[in-house]
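# Descriptive structure summary
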Amino acid sequence: MQNIEKFIKGLPKAELHLHLEGSLEPEMMFELAARNNIKIPFKTPDEVRAAYKFSNLQEFLDIYYQGASVLVTEQDFYDLTFAYLTRMKADNCKHIEVFFDPQTHTDRGIGFDVVVGGISRALADGKAKYGITSRLIMCFLRHLPEDAAFKTLEQAKPYLDKIIGVGLDSGEVGHPPSKFARVFAAARELGLKIVAHAGEEGPPEYIYEALDLLHVDRIDHGNRCMEDNALVARIASAGLTLTVCPLSNLALCVVKDLKKHPLREMMAAGLKVTINSDDPAYFGGYLNQNYIETAQALDLSRDEIITCAKNSFLGSFLPDDEIAKHLSDIEVYCFS
Ligand code: ADE
Ligand code: ZN
């Protein structure tokens, strides 16, 4: 039997929970700061990495939004996105569904067209050069008011051919999904898919709101559903996918130890779990590293790892025929 690390590296997989701004490596941060003449409060990439010690989500977000300030031109957004695609090629990732936070940029005077232009040009090149397919999801920042989200949805309208769905991110506690019920209803009317971060730090009630008020197609994180058996049963019977991010959960102290991560119990409870990296430049590991460290910490079986990889395609927004092809590629890889 192959060792588990080698097995994971060769396994075809998709990533469904990745913030492009969270893939900004310190080296690129310095390069873009110099290119755009932007001051950052660090002298070296190592100094930046040393600052990445977080005890909760908000401590991370403060540094993360500051880091994003080096992204200015269309080429910056292209370079950021293409670097992530290159990294995903190395992880044998076949499909990505990535988030971006338009408000982080438009609030600094960067045009929506600049952001979406650079990202979508890189995604097209990722398909042409690496064969990696992709979908783009725009997130509303939940610490900002509802009217700011409506304004962002309006700005997105000329670009809806490039955006598959809307999501909800940033500081969760104190900003429940109910705050955004109306703007998500408007997004649904436009035919957009709906996802939301829920139950990362927030309570199970926020997951109920994501289901009942936002009508999510997928739940991002969702860990805290495990505190409510009825909620677990409901998510499982609805067949909703959860985009779980183990190394993120560890870095943000959602779990104290990877060995205590609920992923295995979530699977055992019938939940459709996927493994993802969230903000890999900040949390110390891209997609394969998340699979490998989680598999080692929880002693996942080969079958459990295969299930996570299959779920990553089953939970994607790809058409059925493409999903079927990826599932059959997994079968070929695992059993021939
Ligand atoms: N934005 C980037 N990463 C995030 C996370 N883990 N939770 C909420 N918002 C985020
Ligand atoms: Zn996230």
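Let me begin by describing the structure that accompanies this report. (Residues numbered from 1 in each chain as written. Chains lettered and ligands numbered in written order. Predicted model: local features only at pLDDT ≥ 70, side-chain atom pairs only at ≥ 80, totals over all residues. Heavy atoms only, no water.)

### Observations concerning the overall build of the protein
Helix and strand counts for the protein come out as 17 helices and eight strands. Against the globule reference of 20 Å for 336 residues, the protein gives a C-alpha radius of gyration of 19 Å, in line with a compact fold. Long-range pairs, those at least 24 residues apart, make up 77% of the contacts in the protein between residues at least 6 apart in sequence. Of the side chains in the protein, 35 bear a positive and 48 a negative charge, and the two mean positions are spaced by 4 Å. (Helix = DSSP H or I, 4+ residues; strand = E, 2+ residues; numbered from the N terminus. Rg over C-alpha atoms; globule rule 2.2 N^0.38 Å. Contact = heavy atoms within 4.5 Å. Lys, Arg positive; Asp, Glu negative; His and termini not counted. Charge placed at Lys NZ, Arg CZ, Asp CG, Glu CD.)

### Considering the side chain of Glu304
Structurally, Glu304 can be placed in helix 16 (residues 302–314). Assessed through its relative accessible area of 18%, Glu304 is described here as buried. Looking at Glu304, its side chain comes within polar contact range of the main-chain nitrogen of Ser301, at 2.8 Å. Residues contacting Glu304, with those up to four places away along its chain left out, are Arg264, Met267 and Asp299. (Buried < 20%, exposed > 50% of the residue type's maximum accessible area, 1.4 Å probe, protein only. Polar contact = N/O pair within 3.5 Å; in protein donor to acceptor, adjacent residues only side chain to side chain.)

### Focus on the coordination of the zinc ion (ligand 2)
The zinc ion (ligand 2) binds to the protein through His17 (NE2), His19 (NE2), His197 (NE2) and Asp278 (OD); the donor distances cover 2.0 to 2.2 Å. Metal-centred angles of 83 to 173° between the four donor atoms at the zinc ion (ligand 2) mark the site as irregular. Of note, the donors binding the zinc ion (ligand 2) are all from one chain and are spaced H-x1-H-x177-H-x80-D. Remark: Asp278 occurs in the loop between strand 8 (272–275) and helix 14 (280–283) and His19 occurs in strand 1 (residues 13–19); sequence separation between them is 259 residues. Considered together, His19 and Asp278 belong to a single accessibility category, that of buried residues. (Donors = N, O, S within 2.8 Å, 3.2 Å for Na, K, Ca; no water. Tetrahedral: all angles 85-135°; square planar, octahedral: opposite > 155°, others 65-115°.)

### Description of the pairing of strand 1
Within strand 1, seven of the seven residues are buried, leaving the element largely enclosed by the surrounding structure. Pairing analysis gives five bridges linking strand 1 to strand 2 (residues 93–100), with the strands arranged parallel. The residue bridging His19 from the neighbouring strand is Phe99, located in strand 2. (Pairing = 2+ DSSP bridges.)

### Points about the nonpolar core
Counting residues in hydrophobic clusters, the biggest one holds 104 residues, and the most contacted among them are Ile235 and Tyr282. Broken down by element, the residue count for this core peaks at seven residues, all from helix 5 (residues 74–90). Those residues within four positions of Tyr282 in sequence are excluded, and the remaining contacts are Glu21, Gly22, Leu24, Met29, Tyr52, Phe54, Phe60, Ile63, Tyr64 and Gly67. In terms of nonpolar packing, the next biggest core, distinct from the first, is built from five residues, Phe99, Ile137, Cys139 and Phe317 among them. (Core = buried A, V, L, I, M, F, W, Y, C linked by side-chain atoms within 4.5 Å.)

### Overview of the packing of helix 16 against helix 17 (residues 320–335)
Running from N to C, helix 16 and helix 17 cross one another at 160°; their axes reach a closest spacing of 9 Å. It follows that helix 16 is roughly antiparallel to helix 17 by the angle criterion. The chirality of how helix 16 crosses helix 17 is right-handed. Here Arg302, Ile306, Ala309, Lys310, Phe313 and Leu314 of helix 16 come into contact with helix 17, specifically with Ile323, His326, Leu327, Ile330, Glu331, Cys334 and Phe335. Along the lines of polarity and charge, the residues of the contact of helix 16 with helix 17 split into nine nonpolar, one polar and three charged. (Axes fitted to C-alpha atoms, helices over the stretch in contact; angles between N-to-C directions. Parallel < 35°, antiparallel > 145°, perpendicular 65-115°, else oblique. Left-handed = near helix turned anticlockwise from the far one by under 90°. Nonpolar A, V, L, I, M, F, W, Y, C, P; charged D, E, K, R; others polar.)

### A short note on unusual backbone geometry
For His221, which is not a glycine, the phi torsion comes out positive at approximately 75°. Summarising the element assignment, His221 is placed in strand 6 (residues 218–221). The phi dihedral of Asp299 falls on the positive side, at around 55°, and the residue is not glycine. By secondary structure assignment, the location of Asp299 is in the loop between helix 15 (287–298) and helix 16.

### Describing the side chain of Asp79
Relative to the helices and strands, Asp79 is located in helix 5. Exposure remark for Asp79: the relative accessible area of 17% places this residue in the buried category. In this view, Asp79 contacts Met28 and Arg35; residues no more than four positions away in its chain are not counted.

### Let's talk about helix 4 (residues 57–67)
Along helix 4, the residues that are buried comprise Leu57, Phe60, Leu61, Ile63, Tyr64, Tyr65 and Gly67. The inward-facing, buried residues of helix 4 contact strand 1, helix 2 (26–36), helix 6 (102–106), strand 3 (133–141) and helix 14.

### A word on the environment of Leu214
Examined against the element boundaries, Leu214 turns out to sit in helix 10 (residues 204–214). Look at Leu214 and you get buried, because its relative accessible area is 0%. Considering only alpha carbons, one finds Leu214 and Ala187, 27 residues apart in sequence, at a separation of 9.8 Å.

### Examining the packing of helix 5 against helix 7 (residues 112–130)
Contact geometry of helix 5 with helix 7 gives a least axis separation of 7 Å together with a crossing angle of 30°. Relative to helix 7, the element helix 5 is oriented roughly parallel. Relative to helix 7, the crossing made by helix 5 is right-handed. Facing helix 5, whose interface residues are Glu74, Gln75, Phe77, Tyr78, Thr81, Phe82, Leu85, Thr86 and Lys89, helix 7 presents Val114, Val115, Gly117, Gly118, Ile119, Arg121, Ala122, Leu123, Asp125, Gly126, Lys129 and Tyr130. Of the residues contributing to the contact of helix 5 with helix 7, the split by class is 10 nonpolar, six polar and five charged.

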